[in-house]
Amino acid sequence: MRIDLVALVVDDYDPAIVFFVDVLGFELVEDSPSLTNDGRPKRWVVVRPPGAETGILLARADGNQQAAVVGNQVAGRVGFFLRVDDFDAAYQRMTAAGVEFVTSPRAEAYGRVAVFLDIAGNRWDLLGPT
């Protein structure tokens, strides 16, 4: 058993793809036309870090209820965790690419960490070894 995908509600597909692929360095695994349950067009867009098994389904908000959670999927908490082998290199690359960090890097018992915002405003931990 494994978790295959986690859905992330976004405003639009293309800017989200640019953020995750071009800025964070994820792979675009799939971008296929699809249909909503009631037959309207949508896309099935999956990204994931290189070598990872679990991916993120970038799901465009459909309706007011979904639009209301864009950027607040986990009620303002850090809800996503990106572990890297070289914290300093990832932090510098992401900062240079314009990623907004809301905390400075710090050392914790579990490693180095800094909180950043994704394109929608969700909080992520960038994690690396101490």
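Residues numbered from 1 in each chain as written. Predicted model: local features only at pLDDT ≥ 70, side-chain atom pairs only at ≥ 80, totals over all residues. Heavy atoms only, no water.

Quick notes on the sheet that holds strand 1 (residues 5-10)
Rule in force here: At least two bridges found by DSSP between two strands is the condition for calling them paired. A run of DSSP states H or I qualifies as a helix once it reaches four residues; a run of E qualifies as a strand once it reaches two. Both are numbered from the N-terminal end. Here an axis means a line fitted to C-alpha atoms, over the contact stretch when the element is a helix, while the angle between two N-to-C directions is reported on a 0 to 180 degree scale.
Spatial strand order, 1-4-3-2: four strands in an open sheet with mixed pairing. On the outer flanks of this sheet lie strand 1 and strand 2 (27-35), each paired with one strand and no other. Strand after strand, the sheet turns through a mean of 25 degrees between neighbouring axes, direction not considered. Direction of pairing for strand 3 (residues 41-48) relative to strand 4 (residues 55-60): antiparallel, over a ladder of three bridges. By the bridge assignment for strand 4, Val47 is matched with Ile56.

With respect to the side chain of Thr36
For clarity, the threshold we go by: Think of it in three bands: with a 1.4 Å probe and only protein chains considered, a residue is buried below 20% of the maximum accessible area for its type, exposed above 50%, and partly exposed in between. Here, two residues are considered to be in contact whenever any of their heavy atoms come within 4.5 Å of each other.
Of note, Thr36 is situated in the loop between strand 2 and strand 3. The class for Thr36 is buried, based on a relative accessible area of 13%. Look past the residues within four positions of Thr36 in its chain and what remains in contact with it is Lys42 and Asp62.

Details of unusual backbone geometry
For Ala75, which is not glycine, the phi dihedral falls at a positive 55 degrees. Tracing the chain through its elements places Ala75 in the loop between helix 2 (64-67) and strand 5 (78-83). Taking the relative accessible area as the measure of exposure, Ala75 reaches 64% and is therefore exposed.

Some points on the pairing of strand 4
Sheet topology note: the strand 1/strand 4 ladder contains six bridges and is parallel. Following the sheet pairing, Val10 is matched in strand 4 by Arg60. Where strand 3 folds back onto strand 4 in an antiparallel hairpin, the turn is made up of six residues, including Gly51, whose phi is positive at roughly 85 degrees.

What to know about the nonpolar core
Heads up, the rule is: By convention a nonpolar core is built from buried Ala, Val, Leu, Ile, Met, Phe, Trp, Tyr and Cys residues, the set being connected through side-chain atoms within 4.5 Å.
Phe20, Leu24, Leu58, Phe116 and Leu126 are the most contacted members of the largest nonpolar core, which totals 26 residues. For this core, the secondary structure elements donating two or more residues are strand 1, helix 1 (13-23), strand 3, strand 4, strand 5, helix 3 (87-96), strand 7 (111-117) and strand 8 (123-128). Counting residues per element, this core draws most heavily on helix 1, which supplies six residues. Every residue in contact with Leu126, bar those within four places of it in the chain, is listed here: Leu82, Val84, Phe87, Ala90, Tyr91, Met94, Phe101, Arg112, Val113, Ala114 and Phe116.

Some details on the environment of Gly98
By secondary structure assignment, the location of Gly98 is in the loop between helix 3 and strand 6 (106-108). Classification of Gly98 as exposed rests on a relative accessible area of 57%. Spatially, the C-alpha atoms of Gly98 and Glu53 are 27 Å apart, while their sequence positions differ by 45 residues.

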